[in-house]
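Per-entry structural report
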Amino acid sequence: VKVRADVVDPRFGWGSAKHGMVGKVHSIDGEKCKVDFDELSSYWTALVSEMEVVESGPATSGSLKVGDKVKVRADVAKPRFGW
């Protein structure tokens, strides 16, 4: 997911999040959600209505299955959980 382009001031603030960052929904609680952005060290809170689903891009857990052959993308200098 990412923040919708028309959202200027998210209800809970930007913190270290920025437009264009893509993350994974960690949890949903009513109208609020917590998003896991690789660039941030903790979950970011937003209104569900402020977010939009990203249809294409890097592989997601739903697009991979056990047994798939994968490699680290060339633009990843340091994997999130180390080498």
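Here's what I pulled together on the structure shown here. (Residues numbered from 1 in each chain as written. Predicted model: local features only at pLDDT ≥ 70, side-chain atom pairs only at ≥ 80, totals over all residues. Heavy atoms only, no water.)

We now examine the overall build of the protein chain. Within the protein chain, the secondary structure is distributed over zero helices and five strands. What you see in the protein chain, going N to C, is helices and strands ordered as β-β-β-β-β. Counting every position in the protein chain, which comprises 83 residues, the buried fraction comes to 22%. A separation of at least 24 residues holds for 38% of the contacts in the protein chain among residues at least 6 apart in sequence. (Helix = DSSP H or I, 4+ residues; strand = E, 2+ residues; numbered from the N terminus. Buried < 20%, exposed > 50% of the residue type's maximum accessible area, 1.4 Å probe, protein only. Contact = heavy atoms within 4.5 Å.)

For strand E3 (residues 32–37) and strand E4 (residues 44–47), the ladder comprises four bridges, and the chain directions are antiparallel. If you follow lysine 32 over to E4, its bridge partner there is leucine 47. Hairpin connection, E3 to E4: the antiparallel pair is bridged by six residues. (Pairing = 2+ DSSP bridges.)

Both strand E2 (residues 23–29) and E3 contribute to a ladder of six bridges, which runs antiparallel. Looking at E3, one finds that valine 25 is bridged to valine 35.

Further remarks concern the pattern of salt bridges. This model, assessed by the stated rule, comprises two salt bridges. Glutamate 52 is the partner of lysine 2 in a salt bridge, and the nearest nitrogen-oxygen pair spans 3.9 Å. With a gap of 50 residues between them, lysine 2 in strand E1 (residues 2–3) and glutamate 52 in strand E5 (residues 51–52) connect regions that are remote in the sequence. Ionic pairing is found between aspartate 6 and arginine 4, a salt bridge with its closest N-O pair at 2.7 Å. Residue arginine 4 is classed as partly exposed on the basis of its relative accessible area of 27%. (Salt bridge = Lys/Arg side-chain N within 4 Å of Asp/Glu carboxyl O.)

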